[in-house]
Amino acid sequence: ENGYMDASELTECQQLDYEDDYGNVYYAGAMCASSGSRIKIGIFTDEECSNYDESKDIENYMKNDDGYSLKLSYHLLKQTFAEGEC
């Protein structure tokens, strides 16, 4: 592990290992970037990843097993999905 997680591991909607002070859980999944030409990973409030929470940044919720922050690497995701597929 080099401090990065491959973004392609989050293309399917999945619950994050995080719960806020109110007991809310969040989900991560693929979505179109605002430009409409790229795919990015977003945070959602529902298990189908249909309610995007634009106030949250995925990298604030990414941690490894030791609790250290992780950044997302989009290299493989960019290779998998052609630009403009959104």
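Worth saying up front: this structure is predicted, and the values here are computed from it rather than measured.

The rules we used
What you see as residue numbers is a count from 1 along each chain, following the sequence as written. Only residues with pLDDT of at least 70 are given local features in this predicted model, and only at 80 or more are side-chain atom pairs given and counted; all residues enter the totals for whole chains, interfaces and linings. Derived side-chain values reflect all non-hydrogen atoms in the structure, with water molecules and hydrogen atoms excluded from consideration. Helical segments are the DSSP runs of H or I of at least four residues, strand segments are the runs of E of at least two, and each set is numbered from the N terminus. When DSSP finds two or more bridges between a pair of strands, those strands are recorded as paired. Helix axes are fitted only over the stretch in contact, all axes being lines through C-alpha atoms; the angle between N-to-C directions runs from 0 to 180 degrees. For this document, the term salt bridge refers to a Lys or Arg side-chain nitrogen within 4 Å of an Asp or Glu carboxyl oxygen. Every residue carries a pLDDT, the predictor's confidence in it, which falls somewhere between 0 and 100. The contact rule is simple, with two residues in contact once any of their heavy atoms fall within 4.5 Å. By the criterion applied in these results, polar contacts are pairs of N or O atoms within 3.5 Å in which, for protein atoms, one can donate a hydrogen and the other can accept it, and in which residues neighboring in sequence qualify only through two side-chain atoms. Whether a residue is buried, partly exposed or exposed follows from its accessible area with a 1.4 Å probe, protein chains only, as a fraction of its type maximum: under 20%, in between, or over 50%, in that order. To qualify as a nonpolar core, a set must consist of buried Ala, Val, Leu, Ile, Met, Phe, Trp, Tyr and Cys residues joined through side-chain atoms within 4.5 Å.

*Asks:* Sorry if this is basic, but what is going on with unusual backbone geometry here?
*Replies:* The phi torsion of most residues other than glycine is negative, and most of the peptide bonds are trans. Although it is not a glycine, Cys 49 adopts a positive phi angle of roughly 55°. Along the chain, Cys 49 turns up in the loop between β4 (39-44) and β5 (71-73).

*Asks:* Explain the sheet that holds β4 here, please?
*Replies:* Strands pair in a sheet through their backbones, by hydrogen bonds, and they do so in one of two ways: parallel or antiparallel. Sheet architecture is open: three strands sit in the order β2-β3-β4, paired in antiparallel fashion. Every other strand in the sheet has two partners, leaving β2 (14-19) and β4 as the edge strands with one partner each. Each neighbouring strand pair of the sheet contributes to a mean axis angle of 35°, computed without reference to strand direction.

*Asks:* Is there a simple way to think about the pattern of salt bridges in this case?
*Replies:* Pairing between side chains becomes possible if they bear opposite charge and their charged atoms approach one another. For the structure on display, the rule yields two salt bridges. The partner of Lys 56 in a salt bridge is Asp 53, with the nearest N and O atoms 3.4 Å apart. Residue Lys 71 is joined to Glu 59 by a salt bridge in which the shortest nitrogen-to-oxygen separation is 3.6 Å. Taken together, the residues Lys 71 in strand β5 and Glu 59 in the loop between β4 and β5 connect sequence positions twelve residues apart.

*Asks:* It is not clear to me how the confidence of the model for the chain should be interpreted in this structure. Could you clarify?
*Replies:* Low pLDDT means the predicted atomic positions in that stretch should not be read closely. Averaged over every residue, the pLDDT of the chain is 86; the share at 70 or more is 91%. Ranking the elements of the chain by mean pLDDT puts helix α1 (residues 75-80) last with 74 and strand β3 (residues 25-32) first with 94.

*Asks:* For this particular structure, what's the right way to read the environment of Lys 63?
*Replies:* Following the sequence through the fold, Lys 63 ends up in the loop between β4 and β5. Linking Lys 63 and Asp 17, residues 46 residues apart in sequence, is a C-alpha distance of 8.5 Å. With near-sequence residues (within four places) excluded, Lys 63 lies in contact with Tyr 68, Ser 69 and Leu 70. Only 3.4 Å separates the side chain of Lys 63 from the side chain of Ser 69, close enough to count as a polar contact.

*Asks:* Even after reading the chapter, I still don't get the environment of Cys 49, so can you show me in this structure?
*Replies:* A relative accessible area of 14% places Cys 49 in the buried class. Taking the C-alpha atoms as reference points, Cys 49 and Glu 12, 37 residues apart in sequence, are found 8.8 Å from one another. Setting aside chain neighbours within four positions, we find Cys 49 in contact with Cys 13, Gln 14, Tyr 27, Ala 28, Gly 29 and Phe 44.

*Asks:* Just to check I follow, could you spell out the nonpolar core for this structure?
*Replies:* Among soluble globular proteins, nonpolar side chains are generally buried collectively. In this structure, Leu 10, Leu 16, Ile 41, Ile 58, Met 62 and Leu 72 are the most contacted members of the largest nonpolar core, which totals 14 residues. Among the secondary structure elements, those contributing two or more residues to this core are β3 and β4. Not counting the four nearest positions on each side in its chain, Leu 10 is found in contact with Met 5, Ala 28, Gly 29, Ala 30, Ile 41, Met 62 and Leu 72.

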